[in-house]
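Chains, contacts and geometry: an overview
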Amino acid sequence: MENKGVSKERCQRAFRCQTGLTKSLTLNPAMKRLIHAIILFFTLISTAPAQVLDMEIQRGLRRIDIPFDYINGFIIVNITFDEVFPLRFIFDTGAEHTILSKREITDILKVDYLRRFPIIGADLSKELYAYLVQGIEIKVGNIIAKNRSILVLEEDYFRFEEYAGIDVQGILGSDFFRRFVVKINYSRNVISLYDPQYWEPPAKNYTQVPIEITRNKPYITARVQFHQDTTLQLRLLLDSGASLALLLNTDSHPGLQLPERVIPSNLGAGLGGYIQGYMGRIEELGLESFTFREVISQFQDASFFLDTTFTANRNGIIGNDVLSRFTIIIDYIREQAYFEPNRTYNDEFEYDRSGLFLAATGAGLKNYIVYGVIPGSPAASAGIIPGDEIVKVNCWPASFFSLAGINRKFQKKPGTKIRMKIKRGNKRIKVFFYLRDLI
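**Digging into the overall build of the protein**
- The helix and strand inventory of the protein stands at 9 helices and 30 strands.
- Residue burial in the protein is summarised as follows: out of 439 residues, 55% are buried.
- Sequence-distant contacts, at least 24 apart, represent 68% of the contacts inside the protein between residues at least 6 apart.

**Some remarks on the confidence of the model for the protein**
- For the protein, per-residue confidence averages 81 on the pLDDT scale, and 78% of positions sit at 70 or higher.
- Within the protein, the element-level pLDDT minimum falls on helix α2 (residues 29-32), averaging 36, and the maximum on strand β23 (residues 326-331), averaging 98.
- Overall, residues 1-8 carries pLDDT values under 50, and its contacts beyond four positions in sequence, including any with other chains, amount to 15 contacts.
- A low-confidence stretch, residues 304-309 (pLDDT under 50), is modelled with 7 contacts involving residues beyond four sequence positions or located in other chains.

**Side note on the pattern of salt bridges**
- Here the structure, examined in full by the defined rule, presents 12 salt bridges.
- With a closest N to O distance of 3.1 Å, E284 and R293 form a salt bridge.
- Classification of E284 by relative accessible area gives buried; the value is 19%.
- Using a relative accessible area of 48% as the deciding quantity, one classes R293 as partly exposed.

**What about the side chain of R353?**
- Mapped onto the secondary structure, R353 falls in the loop between β24 (336-341) and β25 (356-361).
- One polar contact links the side chain of R353 to the main-chain carbonyl oxygen of K412, over a distance of 3.2 Å.
- The contacts of R353, once residues within four sequence positions are left out, are R281, P378, F410, Q411, K412, P414, L435, R436, D437 and L438.

**Structural notes on the sheet that holds β24**
- Strand order in this open sheet of 6 strands is β3-β13-β12-β23-β24-β14, and the pairing throughout is antiparallel. One side of each edge strand has no neighbouring strand; the edge strands of this open sheet are β3 (63-67) and β14 (207-210). This sheet shows a mean twist of 20° between the axes of neighbouring strands, independent of strand direction.
- Note that strand β12 (residues 181-185) and β23 share 5 bridges and pair antiparallel. Along β23, the bridge assignment pairs V182 with I330.

**Some remarks on unusual backbone geometry**
- Backbone geometry at D82 places phi at a positive 55°, although glycine is not the residue there.
- Inspection of the secondary structure puts D82 in the loop between β5 (74-81) and β6 (85-91).
- For D82, a relative accessible area of 6% puts it in the buried group.
- In this model, K110 sits at a positive phi of 55°, which is unusual for a non-glycine residue.

**Details of the nonpolar core**
- In this structure, F81 and L248 are the most contacted members of the largest nonpolar core, which totals 75 residues.
- Tallying contributions element by element places strand β21 (residues 290-300) first for this core, with 5 residues.
- Those residues in contact with L248 that lie beyond four places of it in its chain are V224, F226, L234, L236, L256, I282, Q298, F299, Q300, N315 and G316.

**Describing a positive patch on the surface**
- A cluster of basic residues, K392, K423, R428 and K430, forms a positive patch on the protein surface.
- Here R428 lies in strand β30 (residues 427-434).
- Here R428 falls in the exposed class, since its relative accessible area comes to 55%.

**Focus: the packing of aromatic side chains**
- Enumeration according to the criterion identifies 18 aromatic pairs in this entry.
- For the ring pair F290 and F339, a centre distance of 6.5 Å and an interplane angle of 50° mean the geometry is tilted. Of the two residues, F290 is situated in strand β21 and F339 in strand β24; the sequence distance between them amounts to 49 residues.
- F290 sits in the buried class, given a relative accessible area of 7%.
- Residue classification places F339 among the buried positions, given a relative accessible area of 1%.
- Put simply, the rings of F290, F292, F326, F339, Y345 and F349 pair up and form one aromatic cluster.
- The residue whose ring lies beneath K417 is F432, and the NZ or CZ to ring-centre distance is 4.7 Å.

**Re the pairing of strand β17 (residues 230-238)**
- In this structure, strand β16 (residues 217-227) lies alongside β17, joined through 8 bridges in antiparallel fashion. Residue pairing for β17: T221 is matched across the bridge by R235.
- Linking two consecutive strands that pair antiparallel, namely β16 and β17, is a turn of 2 residues.

**Some remarks on the pairing of β5**
- By the criterion of burial, β5 is predominantly enclosed, with 6 of the 8 residues buried.
- Here strand β4 (residues 69-71) pairs with β5 via 3 bridges, running antiparallel. Each residue of the ladder has a partner; that of D69, found in β5, is I76.
- Between β4 and the antiparallel strand that follows it, β5, lie 2 residues; N72 among them carries a positive phi value of about 50°.
- Of the pairings in the sheet, the one linking β5 to β6 comprises 6 bridges and is antiparallel in character. If you follow T80 over to β6, its bridge partner there is P86.
- Counting the residues between successive antiparallel strands, the hairpin from β5 to β6 contains 3 residues, one of them, D82, with a positive phi of roughly 55°.

Parameters and conventions
Residues numbered from 1 in each chain as written. Predicted model: local features only at pLDDT ≥ 70, side-chain atom pairs only at ≥ 80, totals over all residues. Heavy atoms only, no water. Helix = DSSP H or I, 4+ residues; strand = E, 2+ residues; numbered from the N terminus. Buried < 20%, exposed > 50% of the residue type's maximum accessible area, 1.4 Å probe, protein only. Contact = heavy atoms within 4.5 Å. pLDDT = per-residue confidence, 0-100. Salt bridge = Lys/Arg side-chain N within 4 Å of Asp/Glu carboxyl O. Polar contact = N/O pair within 3.5 Å; in protein donor to acceptor, adjacent residues only side chain to side chain. Pairing = 2+ DSSP bridges. Axes fitted to C-alpha atoms, helices over the stretch in contact; angles between N-to-C directions. Core = buried A, V, L, I, M, F, W, Y, C linked by side-chain atoms within 4.5 Å. Patch = residues over 30% accessible without salt bridge, like charges linked within 9 Å, V, L, I, M, F, W, Y side chains within 5 Å. Areas by Shrake-Rupley, 256 points an atom, 1.4 Å probe, with all protein chains shown as cover. Lys, Arg positive; Asp, Glu negative; His and termini not counted. Charge placed at Lys NZ, Arg CZ, Asp CG, Glu CD. Phe/Tyr/Trp six-rings, centres within 6.5 Å; stacked < 30°, edge-to-face > 60°. Lys NZ or Arg CZ within 6 Å of the ring centre and 35° of its normal.

Right, here's the structure in full:
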């Protein structure tokens, strides 16, 4: 690393000039639900050297609390990168490595890129790359982790701002927090890291669930019921980096079949391409004594993986739309998890009932463009087409809403009337439709 003589102020000014912290395009929840699909490609990078555990923690401190923002289904923590840059990373139990998506940061610091890793893109044809960087310092809360080895993307393949609608520069993977007992309190927006030498199992309000730690990631066995006569025991990853409820890999088990009622879905953006799949509902998801019914689920054929050892022979993942209904404790050392339901436990699983896919563009991300319409959906029947710009929603200027606010209107009860004014070229057109269940 060669960052001596480069002042913090100079680096920060250069970073602001070269990057900024927002882009001009964000996509709605239907598009961002599988941002984790990008992350799982990095399980192919398995030859990075073992991490040197060199963490400075205040003497005698047995618990460290780290506040987080919960935005669009992602856990976002503030970090200080190499004593210079204040950044925002996704806290991700489903990622093995810490990853920086903004190479311009390490370029400014003039680090040495030790090794270039090939990454398989979503379309299996493009050559994508990441670099191994050593000697990085990362500060999170009261933890200062020195001499870290991280991965730096050659280009920003993630494009978090576009696909997730959040200001994020990377992923904090399990290589950072696996030495602790990790507690995620979604109600209080706090992650607590405990010294496992002094930690004791929680009180009676928690349900203990055995897990298996493979490649530093937690897996659980869950019950998934498709029909009354079809219940499977599946191996699922507990993935705090996934903004969804449940993803099932249909090729991973002979009993995993699509429900009778599904719709084609653009599951998300993978490295170098888009990942197609389906969305539907399963009848029941069971985690020990906890049961969820009518769970919105994504279905993906993951047969493109060349070696299933990299995915730990999993059948899918459980994401934040389920995990956020609990306070969760993960004991990596003893391979146990603990679940305590919170006030959102019984909330319904919501999804879009309009059939619209929107992108936010322009100043302040207040211009909303239709980039996709599900065939046969209410929006399609109303004549809305890709490229239309939403000008008004229920008589209110669209600019009054955030992208998330507009999408929430499309999740209201079936039968709700939506009136819109759209701009198509030089024309302004009034349309309306009634929301209805698509799955």
